[in-house]
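Each chain is listed here by its residues.
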Amino acid sequence: MEYNLADLFESVVDVVPDREALVYVDHPGTGAERRLTYGELDAAANRIAHHLLDSGLKPGEHLGLHLYNGVEYLQTVLAALKARLVPVNVNYRYVEEELVYLYRDADLAALVFDAEFTERVAGALPQTEKLRHLVRVGTAPDGAPHLDAVPYAEAEAAGSSDRGFGPRSPDDLFIIYTGGTTGMPKGVMWRQEDLFFAGLFGGEPSGQPVRRPEELAERVAKNSPGLTFFPAPPLMHGTSTLTSFVAFNYGQRVAIHRKYTPEDVIRTIAKEKVSSVSLVGDAMLRPLIDALRGPLQGADLSSLFSVSSSGAIMSETVRAEFQELAPHVMLLNNFGSSESGSNGRATNDSGPEKGFRLEVNDRTQVVDPVTHEPVAVGEPGRLAQRGYVPLGYYNDPVKSAETFFQKGTERWVLLGDMATVDEDGIVTILGRGSQCINTGGEKVYPEEVEQALKSHPDVYDALVAGVADAKWGNHVAAVVQVRAGAADPTLEEIQSHCRTKLAGYKIPRQLVIAPNIQRSPSGKADYRWAKAVASEAVTAEAQGRAQA
């Protein structure tokens, strides 16, 4: 047996086949739900795996998952792993041109897609010559273009429920495409053994990783069921899929919804006795707070032990609001990326005053981006991780060479986050280097200003971007969504508030009030949108002055 994700999953199935593995709840209370035991999920994945192989796909070829959350998503990921196909996540928000890029860049040979995306898939297909096998989940809408796609139910019915697969390898690939928030999306190539230890904590997030593959099932056989993990963001983002596999490696249960609806999330927590919810930052936590203060006031959260965030931080202000409603729940700001897996967890004193501070694992350092040597205490550098790191970016040797390097006998990845380290080894994240604002020669990281903005009582959400400025080179612009019922704050009010938390050069010089802050489906910041909105406001103001 190897550190292969399919081998490890099957070893868990063999010791707890009758334990519930997955519950899909469309809308709690409607009865639209599916429940599968470990044995049933294993057999269902086997059927799809055999269908894919019987359709002519070969081990090592790439399978795209263009799907909303559902049983079919995790079933298909498992099927791909079993058949030694490489699963590739597809952002379901992409339009035709973006899909053409991703389908081609990833060299997809097959695609499993939700029927709602039929028109987009049909538009992209003629430009993706390697994509030769389609499987459709659900019924195509009336008037949708015809596609030669096998219905998922038929594919499942045709495949054998037995295993019967050949040997697998820890070198089998798992590709996670980034969100493309700082450029075109890139496919991060993980060896499955590396991903198991870096992204799945070696089978034990809170203790010692397993020392041999067989130990995973041995641990599961000794533990009891009772934990339910609820990844709330889309499974198309790597964090949610990895969270599901963390639960499977525990022999515990995963709950999923098709889409994120705060009220339904709370109802499922109560009904399914959810233990742990994972989400992405304030964009997902604030709506839960609104629901708990409004229509679902008094909801039963007694089973909930933790709420964790990856990909964006839960700000100090929003964490405090949630703790008032659920003081027994532990709030965890985890830190990681598609390129590194997990790096660490925020300290309890992280916030606008001290910054976003991390206790990092022993594989993470702050290094000089040129020499790759550790920086001195207090000096800015780039976050880097060694050991279990990806092989590189698929189809992008230039970017791979810039990001991944060899130092001694170990592979390293140089991340995009600027940071400092103190005498105690605590790392303070300054922000993404690509989003850094240079204003009058000073560097400002948007995340720090956003934390300060969100502590204003009338600010519901905020993004910060740099806008071209004749005097300063760039100025700090705040795009703000105001709380319902609150009056729009003035720029002077925002500046006065921020001066109590930030140095003068970090204070926003421009304020744009937006009806909503645009983020990805997982809650990650869309800085290109924020920059465009702020720049358009500057242009409109200049035109108004000229006309006057």
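Residues numbered from 1 in each chain as written. Predicted model: local features only at pLDDT ≥ 70, side-chain atom pairs only at ≥ 80, totals over all residues. Heavy atoms only, no water.

K.L.:
Describe the overall build of the protein, with residues and values.
P.N.:
Looking only at helices and strands, the protein features 16 helices and 27 strands. What you see for the protein is a C-alpha radius of gyration of 24 Å, in line with the 24 Å of a compact globule of 548 residues. Dimensions of the protein along its principal axes, counting C-alpha atoms only, are 70 × 60 × 50 Å. Taking all 548 residues of the protein together, the buried fraction comes to 57%. Accessible area of the protein: about 22,400 Å², with a carbon and sulfur share of 49%. A distance of 2 Å separates the average location of the 53 positive side-chain charges in the protein from that of its 72 negative side-chain charges. (Helix = DSSP H or I, 4+ residues; strand = E, 2+ residues; numbered from the N terminus. Rg over C-alpha atoms; globule rule 2.2 N^0.38 Å. Buried < 20%, exposed > 50% of the residue type's maximum accessible area, 1.4 Å probe, protein only. Areas by Shrake-Rupley, 256 points an atom, 1.4 Å probe, with all protein chains shown as cover. Lys, Arg positive; Asp, Glu negative; His and termini not counted. Charge placed at Lys NZ, Arg CZ, Asp CG, Glu CD.)

K.L.:
Can you lay out the packing of helix 3 (residues 71–82) against helix 9 (residues 238–250) for me, pointing to particular residues and giving the numbers?
P.N.:
Look at helix 3 against helix 9: their axes get within 11 Å of each other, and the N-to-C directions meet at 75°. When the axes of helix 3 and helix 9 are compared, the pair comes out roughly perpendicular. Along its contact with helix 3, which presents Tyr 73, Leu 74, Val 77, Leu 78 and Leu 81, the element helix 9 presents Thr 241, Ser 244, Phe 245 and Phe 248. The residue inventory of the contact of helix 3 with helix 9, partitioned by class, reads 7 nonpolar, 2 polar and no charged. (Axes fitted to C-alpha atoms, helices over the stretch in contact; angles between N-to-C directions. Parallel < 35°, antiparallel > 145°, perpendicular 65-115°, else oblique. Contact = heavy atoms within 4.5 Å. Nonpolar A, V, L, I, M, F, W, Y, C, P; charged D, E, K, R; others polar.)

K.L.:
For unusual backbone geometry, give the residues involved together with the corresponding values.
P.N.:
A positive phi angle, close to 65°, is found at Arg 84, a residue other than glycine. With respect to the secondary-structure elements, Arg 84 resides in the loop between helix 3 and strand 4 (86–89).

K.L.:
Explain a negative patch on the surface to me, using residue names and the numbers behind them.
P.N.:
Together, Glu 96, Glu 97, Glu 98 and Glu 119 give the surface a local cluster of negative charge. A total of 3 residues in the negative patch trace back to one element, the largest contributor, which is helix 4 (residues 96–105). Among the residues examined, Glu 97 registers a relative accessible area of 68% and is labelled exposed. (Patch = residues over 30% accessible without salt bridge, like charges linked within 9 Å, V, L, I, M, F, W, Y side chains within 5 Å. Salt bridge = Lys/Arg side-chain N within 4 Å of Asp/Glu carboxyl O.)

K.L.:
So, the packing of aromatic side chains: which residues are in play, and what are the values?
P.N.:
Tallied over the full model, the rule gives 15 aromatic pairs. Taken together, a centroid distance of 4.8 Å and an interplanar angle of 15° make the contact between Phe 197 and Tyr 388 stacked. Residue Phe 197 is found in helix 7 (residues 192–198), and its partner Tyr 388 is found in the loop between strand 18 (381–386) and strand 19 (392–393); the two are separated by 191 residues along the sequence. Taking the relative accessible area as the measure of exposure, Tyr 388 reaches 30% and is therefore partly exposed. When the centroid spacing of 5.9 Å and the interplanar angle of 15° are considered together, the rings of Phe 405 and Trp 412 count as stacked. With a relative accessible area of 4%, Trp 412 lands in the buried category. Ring pairs connect the aromatic residues Tyr 3, Phe 196, Phe 197 and Tyr 388, which therefore count as one cluster. The aromatic ring of Tyr 460 is capped on one face by Arg 286, whose charged end is 5.2 Å from the ring centroid. (Phe/Tyr/Trp six-rings, centres within 6.5 Å; stacked < 30°, edge-to-face > 60°. Lys NZ or Arg CZ within 6 Å of the ring centre and 35° of its normal.)

K.L.:
Report on helix 2 (residues 38–54), specifying residues and quantitative values.
P.N.:
Relative to the 24 Å expected for 17 residues at 1.5 Å per residue, helix 2 spans 24 Å between its end C-alpha atoms, a close match to the ideal helical length. Of all the 17 residues making up helix 2, 12 are buried; the element is thus mostly covered by neighbouring parts of the structure. Along helix 2, the residues classified as buried are Tyr 38, Leu 41, Asp 42, Ala 43, Ala 44, Ala 45, Asn 46, Ile 48, Ala 49, His 50, His 51 and Leu 52. Downstream of helix 2 by a residue or two, Gly 56 has a phi angle that is positive, lying close to 100°. (Expected span 1.5 Å × (residues − 1).)

K.L.:
I'd love a proper account of the nonpolar core, names of residues and values included.
P.N.:
The biggest cluster of nonpolar side chains holds 106 residues, and the ones touching the most others in it are Tyr 103, Leu 111, Phe 196 and Phe 248. For this core, the leading source of residues is helix 3, giving 8 residues. Aside from chain neighbours lying at most four places away, what touches Phe 196 is Tyr 3, Leu 5, Leu 8, Phe 201, Gly 202, Gly 203, Val 210, Leu 216 and Asn 249. Phe 230, Val 265, Ile 269 and Ala 291 belong to the second-largest nonpolar core, a separate cluster that totals 28 residues. (Core = buried A, V, L, I, M, F, W, Y, C linked by side-chain atoms within 4.5 Å.)

K.L.:
Got a sec to walk through the sheet that holds strand 25 (residues 459–469)? Specific residues and values, please.
P.N.:
Read across the open sheet, the 3 strands follow the order 25-26-27; overall the sheet is mixed. In this open sheet, the two edge strands, each paired with only one partner strand, are strand 25 and strand 27 (510–513). Averaged over all pairs of adjacent strands, the angle between strand axes in this sheet comes to 25°, irrespective of strand direction. Pairing between strand 26 (residues 473–482) and strand 27: 4 bridges, direction parallel. Residue pairing across strands places Val 479 opposite Val 512, the latter belonging to strand 27. Seen against the sheet, helix 16 (residues 527–547) touches strand 25, strand 26 and strand 27 and runs at an angle of roughly 65° to strand 25. (Pairing = 2+ DSSP bridges.)

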